[in-house]
Amino acid sequence: MEKKTKKEESCCCDKPIFGSEAMRSSAPVDTIPQHPTKAKIAYQMVKEETFPQTRPELNLATFVTTYMDDYATKLMNEAININYIDETEYPRVALMSGRCLNIIANLWNSPEKADWKAGASAIGSSEACMLGGVAAWLRWREKRKKEGKPFDKPNFVISSGFQVVWEKFAQLWQIEMRTVPLTDEHRTLDPKQAIAMCDENTICVVGIMGVTWTGLNDDIEALDREVEEFNKKHNSEMAIHVDAASGGFILPFLKPDYKWDFRLKWVWSISTSGHKFGLVYPGLGWVVWKDKTYLPGDMAFSVNYLGANITQVGLNFSRPAAQIIGQYYQFIRLGFDGYKDIQQNSMDIAEYLHSEIAKIPVFANYSKDVVNPLFIFSLDEKYDKKSKWTLYDLQARLQQSGWMVPAYTLPDNLTSTVVMRIVVRQGFSRDMADMLLGDIKVAVAEFEKLEYPTQTRIAKERGQKVVGKVRSHTK
Ligand SMILES: *Cc1c(COP(=O)(O)O)cnc(C)c1O
């Protein structure tokens, strides 16, 4: 074998890819191959590994950007070898990041007068949420220390519709997470219940704009009123962090008058995903503080670039610069109006799908309104009692046509509800929506003809938990 490979190497003619030794051997699993492989053959092998996957455009499970224009792609590819952290070598990237933060802070009505707003770029909302949470924890700790009070039992309050990153935050920093259950009556965070869970050890309350599970928004204005009352009563400074992973790039464009951001007194930090409705390829997140005073000094590293004093905050060291370049490009290329048009189109298509789903008698939408370009629906309650199939079957059926539309159960208290979620993003056209609806109708017609219940239906009848193939809530 060794010899043969050598011979192949020395062969003067260009052996066809599929005539090569590598193409009839299995791919490496445990150990690094001894010999190099020709680039075009290695490329083919790796490319093939990706073939059986969902096409990103048809992945309606994800919130993350799957389309950018050719110039954005070119810019980002050209920056593929630039490390963001090398700010001395690539000072313009640091500057661009600062400008993006300014732009985002102003979209969220930041009152900060400084030239550079207090904030940070991150790998995604996960890192951005962590930074917001850590800042709240350090602020609280500092205050407790000053007051000579114990600071060993911090907690934070959030609805049970939290994204998994908050569980990680709680685990990694050992901060107790108190969750307000979502129920059929309270489908978003109930501010009064949230406050009832707060005490002197509460570092912050987290509100979510664009709850990952449902697409709904928490009522931050109502929460702000409750927090104001709590703080007055206890003479404390408990603040709100808004996890606006999705909403942060939807509301400023589509609902500029709706108050959820820094216009509210106790909203001291907001995080978002640049790679969701910020319209940049993954990984990019942003976190902004209302003002420098809310960013603990321990977290901020001040560095001087080209005469500009930029504050550096973040968990990561080396990371790609391309996403920041991509975000800055999008701001210039699209402008406010461009973002507005794109988000409005996504909303219109989501609303269209929502209304068409409502017309299919077997389905019921979870909410009447669509407030972000995504929504969830379930089987109609009455129909569900006698149907021979579940939404897990529909998910599998749609997968055969290339769509990924996830089915999953809602969090605590609502775990018996199986739902399906559709996220509409840039790149998903009305025509694609019609194709998807067509495929859903064909699938339903087939299921209606079933004589015997499907496996997932039987499991449901037996009260067994059906484990969905996608952990959609983690996206
Ligand atoms: C997606 C999401 C996150 C995690 O964001 P990443 O950008 O994937 O790291 C956090 N919170 C909410 C509400 C989300 O929707």
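What counts, and at which threshold
Residues numbered from 1 in each chain as written. Predicted model: local features only at pLDDT ≥ 70, side-chain atom pairs only at ≥ 80, totals over all residues. Heavy atoms only, no water. Domains from an automatic or database assignment. Helix = DSSP H or I, 4+ residues; strand = E, 2+ residues; numbered from the N terminus. Expected span 1.5 Å × (residues − 1). Buried < 20%, exposed > 50% of the residue type's maximum accessible area, 1.4 Å probe, protein only. Arc of directions from axis to C-beta. Contact = heavy atoms within 4.5 Å. Near = heavy atom within 4 Å. Polar contact = N/O pair within 3.5 Å; in protein donor to acceptor, adjacent residues only side chain to side chain. Areas by Shrake-Rupley, 256 points an atom, 1.4 Å probe, with all protein chains shown as cover. Nonpolar A, V, L, I, M, F, W, Y, C, P; charged D, E, K, R; others polar. Pairing = 2+ DSSP bridges. Axes fitted to C-alpha atoms, helices over the stretch in contact; angles between N-to-C directions. Disulfide = S-S within 2.5 Å.

### Concerning the domain arrangement of the protein
Line of reasoning, step 1. Here the protein is partitioned into domain 1 (1–45), domain 2 (74–330) and domain 3 (344–461).
Line of reasoning, step 2. Between the C-alpha centres of domain 1 and domain 2 the distance comes to 49 Å.

### Observations concerning helix 13 (residues 430–448)
Line of reasoning, step 1. With 19 residues, helix 13 should reach 27 Å at 1.5 Å per residue; the first-to-last C-alpha distance of 27 Å fits that figure.
Line of reasoning, step 2. Inspection of helix 13 places Met432, Ala433, Leu436, Leu437, Ile440, Ala443, Val444 and Phe447 among the buried residues, and these make up the whole buried set. Projected down its long axis, helix 13 carries its buried residues within an arc of 140°, all on one side.
Line of reasoning, step 3. Elements that come into contact with the buried residues of helix 13 comprise helix 10 (322–359), strand 10 (363–365), helix 12 (391–399) and strand 13 (418–423).

### Considering the site of the ligand
Line of reasoning, step 1. Inspection of the region around the ligand gives 14 residues, with Ser125, Ser126, Asp243, His275 and Lys276 positioned closest.
Line of reasoning, step 2. Between Thr212 and the ligand, the recorded distance is 3.1 Å, taken from a side-chain N or O atom to an oxygen atom.
Line of reasoning, step 3. Against a free-state accessible area of 380 Å², the protein chains account for coverage of 93% of the ligand.
Line of reasoning, step 4. When its residues are assigned to classes, the shell around the ligand shows 3 nonpolar, 8 polar and 3 charged.

### Topic: the sheet that holds strand 12 (residues 407–409)
Line of reasoning, step 1. If you trace the 4 strands from one edge of the open sheet to the other, you get 10-11-13-12, paired in antiparallel fashion. Both outer strands of the open sheet, strand 10 and strand 12, are each paired with one neighbouring strand and no more. Taken pair by pair, the neighbouring strands of this sheet meet at an average axis angle of 40°, ignoring direction.
Line of reasoning, step 2. Examined bridge by bridge, strand 12 and strand 13 share 3 bridges and lie antiparallel to one another. What sits directly across from Ala407, in strand 13, is Met420.
Line of reasoning, step 3. Strands in contact with helix 10 are strand 10, strand 11 (374–379) and strand 13; relative to strand 11, the strand with the most contacts, it is inclined by about 10°.

### Comments concerning the state of the cysteines
Line of reasoning, step 1. Overall, the coordinates contain 0 disulfides when judged by the stated rule.
Line of reasoning, step 2. You can see Cys129 has no disulfide; the closest cysteine sulfur is in Cys204, sitting 10 Å from it.
Line of reasoning, step 3. Owing to a relative accessible area of 2%, Cys129 belongs among the buried residues under this scheme.
Line of reasoning, step 4. Cys204 gets classed as buried once you look at its relative accessible area, which sits at 2%.

### Some points on unusual backbone geometry
Line of reasoning, step 1. Look at the link from Pro282 to Gly283: it is a cis peptide, with omega at 5°.
Line of reasoning, step 2. Mapped onto the elements, Gly283 comes out in the loop between strand 6 (267–273) and strand 7 (285–289).
Line of reasoning, step 3. The phi dihedral of Asn109 falls on the positive side, at around 60°, and the residue is not glycine.
Line of reasoning, step 4. Residue position: Asn109 is located in the loop between helix 4 (91–107) and strand 1 (119–122).
Line of reasoning, step 5. The class for Asn109 is partly exposed, based on a relative accessible area of 32%.
Line of reasoning, step 6. With phi around 55°, Gln174 is a residue other than glycine that occupies positive phi space.
Line of reasoning, step 7. The topology assignment puts Gln174 in the loop between helix 6 (165–173) and strand 3 (176–180).

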